[in-house]
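Chain residues, written in single-letter form:
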Amino acid sequence: DQQVKQNSPSLSVQEGRISILNCDYTNSMFDYFLWYKKYPAEGPTFLISISSIKDKNEDGRFTVFLNKSAKHLSLHIVPSQPGDSAVYFCAASGNNFNKFYFGSGTKLNVKP
Amino acid sequence: NAGVTQTPKFQVLKTGQSMTLQCAQDMNHNSMYWYRQDPGMGLRLIYYSASEGTTDKGEVPNGYNVSRLNKREFSLRLESAAPSQTSVYFCASRQTGSSYEQYFGPGTRLTVT
């Protein structure tokens with residue numbers, strides 16, 4: 001059974017608007033959460049992360065929010081740009097970082 | 001600085017054949033990982049190596065073996081390939097310490113017929 005879930009396979013957003021990607025997890029032992037971005041025929045690249053002691057982390061246009069009680073995190077991209085069109089994976093790990101569990105990904109399409 | 005490199009980029013095998021996927025990193029990272037990506041499944045961990053000389057199973061290790069040859073190289077071997085092993089395989093590395101982001105290679109697309 002998947003411990004990290006991304007229930008929206010795809011999302012389409014107009015350029016300049018906000019993109020919100022969601023992720024849910026089931027394991028309360030997860031302490032660290034990451035978002036990766038993946039273009040076709042390339043490996044995932046790290047985008048932003050958050051630890052369980054925080055509820056928000058911001059890096060430029062990207063903000064990750066963590067709601068531990070709901071076991072839910074989200075990635076906000078503001079403003080969205082066509083170059084943001086890619087597949088986004090969320091991932092989670094316990095505090096030993098030996099095992100990372102990934103969601104199935106959300107394909108974001110930002111329309112010009 | 002090449003980062004994480006993987007060879008080959010593409011491979012077609014017949015059922016029962018064996019092969020080794022190669023991975024190397026030049027970032028002096030301690031930890032290395034092998035994942036497979038299947039449609040609708042995200043990335044699933046096959047094996048990982050927390051440091052040179054150690055390896056351990058991930059979520060889906062059956063049908064695979066690994067070797068951490070040295071700090072730079074981590075190979076994945078399929079002894080007797082099966083159609084269920086058709087997938088895209090990614091190698092990743094991570095520096096232990098305060099950073100927990102992984103750096104991924106470009107992937108190997110494997111088809112088993």
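Structure report, in brief. (Residues numbered from 1 in each chain as written. Chains lettered and ligands numbered in written order. Predicted model: local features only at pLDDT ≥ 70, side-chain atom pairs only at ≥ 80, totals over all residues. Heavy atoms only, no water.)

**As for the pairing of strand 6 (residues 56-59) of chain A**
All names here are of chain A.
Move 1: One ladder, built from 4 bridges, connects strand 6 with strand 7 (residues 62-67); its direction is antiparallel. Directly across from Asp59, in strand 7, lies its bridge partner Phe62.
Move 2: In sequence, strand 6 turns back onto strand 7 through a hairpin of 2 residues, with Gly60 there showing a positive phi of about 65 degrees. (Pairing = 2+ DSSP bridges. Helix = DSSP H or I, 4+ residues; strand = E, 2+ residues; numbered from the N terminus.)

**Structural notes on the sheet that holds strand 7 of chain A**
All names here are of chain A.
Move 1: One open sheet accounts for 5 strands, arranged 1-3-8-7-6; its pairing is antiparallel. The sheet terminates laterally at strand 1 (4-5) and strand 6, the two strands that pair on one side only.
Move 2: For strand 7 and strand 8 (residues 72-77), the ladder comprises 6 bridges, and the chain directions are antiparallel. Bridging from a neighbouring strand, Asn67 pairs with His72 of strand 8.

**A short note on the state of the cysteines**
Move 1: Enumeration over the complete set of coordinates arrives at 2 disulfides over all chains.
Move 2: Disulfide pairing places Cys23 of chain A opposite Cys90 of chain A at an S-S distance of 1.9 Å. Taking the torsion about the sulfur-sulfur bond, which here is approximately 70 degrees, the covalent link between Cys23 of chain A and Cys90 of chain A counts as right-handed. Pair noted here: Cys23 of chain A is in strand 3 (residues 19-25) and Cys90 of chain A is in strand 9 (residues 86-93), with a separation of 67 residues, a long-range link. With respect to burial, Cys23 of chain A and Cys90 of chain A carry one shared label: buried.
Move 3: Across a sulfur-sulfur distance of 1.8 Å, Cys23 of chain B and Cys91 of chain B are joined as a disulfide pair. (Disulfide = S-S within 2.5 Å. Buried < 20%, exposed > 50% of the residue type's maximum accessible area, 1.4 Å probe, protein only.)

Any link to function would need more than the numbers given here.
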